[in-house]
Amino acid sequence: MPKLHLDKRADLLREVGLKEGSPDDLLDTRAVATWLRCSSQLLEILRSRGGGPAFIRLSPSRIRYRRQAVMEWLAEREYANTKAYKERRSKKV
C-alpha cells in the first residue's frame, strides 16, 4: 500500500467523519474527496489499483463509499510514530 499525504492526518479526518453523519451513510466519490481533502482522481486511482477504502458499485457509473468503511481505512493508516509505521510496513512486505 503506497504512503499517501493522508497518512499524516488520518486521525483528524476520522474525527471529522464521526461528526458529519451516520456510519452507514453512502457517500459519492466527490463527497469523500472533499472530506479527505484530496482529488476525486486519487480515489479513482486507489479504487482501480487497490489500497483505497472499500466501495460499493451501484451501477457501472455509480460508486458509493460507506462512511464507516472510509473511517476504517483511515484507522489502518494511523500511526503513533515513524517506528510504528516502518514496523507495520515491513510486516506487509
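Everything below is about the structure printed above this text.
Just so it is clear, the structure is predicted and the values come from calculations on it, not from any experiment.

Draft legend 1. Spatial organisation of the overall build of the protein. When helices and strands are tallied, the protein shows five helices and three strands. Mapped in sequence order, the helices and strands of the protein form the string α-β-α-α-β-β-α-α. In the protein, buried positions account for 31% of the 93 residues. Expressed as a percentage of contacts within the protein between residues at least 6 apart in sequence, the contacts between residues at least 24 apart total 60%. Carbon and sulfur atoms make up 49% of the accessible area of the protein, which amounts to about 6,100 Å² in all.

Draft legend 2. Representation of the sheet that holds strand β1 (residues 26-27) in the model. Spatially, β1-β3-β2 is the arrangement adopted by the three strands of the open sheet, whose pairing is antiparallel. In the strand order of this sheet, the two ends are held by β1 and β2 (56-59), each with one partner. As judged from the two bridges shared by β1 and strand β3 (residues 62-66), these two strands associate in the antiparallel manner. By the bridge assignment for β3, leucine 27 is matched with tyrosine 65. Where helix α4 (residues 67-76) meets the sheet, it contacts β1 and β3, and its direction lies at approximately 65 degrees from that of β3.

Cut-off values and rules
- Residues numbered from 1 in each chain as written.
- Predicted model: local features only at pLDDT ≥ 70, side-chain atom pairs only at ≥ 80, totals over all residues.
- Heavy atoms only, no water.
- Helix = DSSP H or I, 4+ residues; strand = E, 2+ residues; numbered from the N terminus.
- Buried < 20%, exposed > 50% of the residue type's maximum accessible area, 1.4 Å probe, protein only.
- Contact = heavy atoms within 4.5 Å.
- Areas by Shrake-Rupley, 256 points an atom, 1.4 Å probe, with all protein chains shown as cover.
- Pairing = 2+ DSSP bridges.
- Axes fitted to C-alpha atoms, helices over the stretch in contact; angles between N-to-C directions.

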